[in-house]
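# Remarks on the overall topology
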Amino acid sequence: MSTISIFKNLHIAPRFPSTMSTPTAKFAPASPNFGDESRVGKLQRKMQEAPLFPIGIMGLLGALGYGAYSFKKKGNMSTSVFLMQLRVTAQGAVVVCLTAGVGYSLIRDFVLPKMKSAEH
């Protein structure tokens, strides 16, 4: 039994690419056009939209610097053991940063608006 006969028995017409309709919906752009924005302006906008973004970038640069310095001063520890320890430390830092970010978002979105509405 072929696929087409299965569709005929179920009274479902198969849709081939040539018979498929094209979507007619038009989507608006997700964000406004920032094409003429300078680098400093873009950084300032990003800092206002997501204040934890620059902190995360500085944390990344600090972790990279610490890893490079520690690798140079590792002594007679094998490279694989050093990299495993560095990976575990980095994963712990990510968990701490994610927890802090979620906590910040929850406080900003739920606790502070309730406190402001209770004042009025």
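Bear in mind the structure is a predicted one, so any value in this text is a computation, not a measurement.

What counts as what
- Residues numbered from 1 in each chain as written.
- Predicted model: local features only at pLDDT ≥ 70, side-chain atom pairs only at ≥ 80, totals over all residues.
- Heavy atoms only, no water.
- Helix = DSSP H or I, 4+ residues; strand = E, 2+ residues; numbered from the N terminus.
- Buried < 20%, exposed > 50% of the residue type's maximum accessible area, 1.4 Å probe, protein only.
- Patch = residues over 30% accessible without salt bridge, like charges linked within 9 Å, V, L, I, M, F, W, Y side chains within 5 Å.
- Areas by Shrake-Rupley, 256 points an atom, 1.4 Å probe, with all protein chains shown as cover.
- Salt bridge = Lys/Arg side-chain N within 4 Å of Asp/Glu carboxyl O.
- Expected span 1.5 Å × (residues − 1).
- Contact = heavy atoms within 4.5 Å.
- Axes fitted to C-alpha atoms, helices over the stretch in contact; angles between N-to-C directions.
- Parallel < 35°, antiparallel > 145°, perpendicular 65-115°, else oblique.
- Left-handed = near helix turned anticlockwise from the far one by under 90°.
- Polar contact = N/O pair within 3.5 Å; in protein donor to acceptor, adjacent residues only side chain to side chain.
- Phe/Tyr/Trp six-rings, centres within 6.5 Å; stacked < 30°, edge-to-face > 60°.

The number of helices and strands found in the chain is four helices and zero strands. The linear arrangement of helices and strands in the chain, starting from the amino end, is α-α-α-α. Taken over 120 residues, the chain has a buried fraction of 5%.

Glancing now at a nonpolar patch on the surface. There is a patch of nonpolar side chains on the surface, built from Val 102, Leu 106, Ile 107, Phe 110, Val 111, Leu 112 and Met 115 and spanning about 640 Å² of accessible area. Relative to the assigned elements, Phe 110 resides in helix α4 (residues 79-119). A relative accessible area of 52% means that Phe 110 is categorised as exposed.

Applying the stated criterion across every chain, the model contains three salt bridges. Among the salt bridges present, the one from Glu 49 reaches Arg 45, with a minimum N-O distance of 3.2 Å. Within this pair, Glu 49 and its partner Arg 45 are both found in helix α2 (residues 39-49), separated by four residues, close to a single helical turn. Taking the relative accessible area as the measure of exposure, Arg 45 reaches 16% and is therefore buried. Across the salt bridge formed by Asp 109 and Arg 108, the nearest N and O atoms sit 3.2 Å from each other. Under the relative-accessibility criterion, Asp 109 is labelled partly exposed at 40%. Arg 108 gets classed as partly exposed once you look at its relative accessible area, which sits at 37%.

A word on helix α3 (residues 52-72). In this model α3 runs 30 Å from its N-terminal to its C-terminal C-alpha over 21 residues, within 8% of the 30 Å that 1.5 Å per residue would give. Where α3 is buried, its residues touch α2 and α4.

Let us now look at the packing of α3 against α4. Remark: α3 packs on α4, axes separated minimally by 12 Å, with the N-to-C direction vectors making an angle of 165°. The angle between the axes of α3 and α4 places the two elements in the roughly antiparallel class. Once α3 is placed against α4, the crossing between them reads as right-handed. On α4, the residues that touch Leu 52, Gly 67, Ser 70 and Phe 71 of α3 are Thr 79, Phe 82, Leu 86, Gly 101 and Tyr 104.

It is worth spelling out the environment of Asp 109 at this point. Along the chain, Asp 109 turns up in helix α4. Here the side chain of Asp 109 touches Arg 108 through a polar contact of 3.2 Å, side chain to side chain.

Right, let's get into the packing of aromatic side chains. Under the definition given, this model contains one aromatic pair. Look at Phe 71 and Phe 82: their rings are 5.6 Å apart centre to centre, the planes differ by 50°, and that puts the pair in the tilted class. Of this pair, Phe 71 sits in helix α3 while Phe 82 sits in helix α4, and the two are 11 residues apart along the sequence. In this structure Phe 71 comes out as partly exposed when scored by relative accessible area, which is 39%. The exposure class assigned to Phe 82 is buried, which follows from its relative accessible area of 7%.

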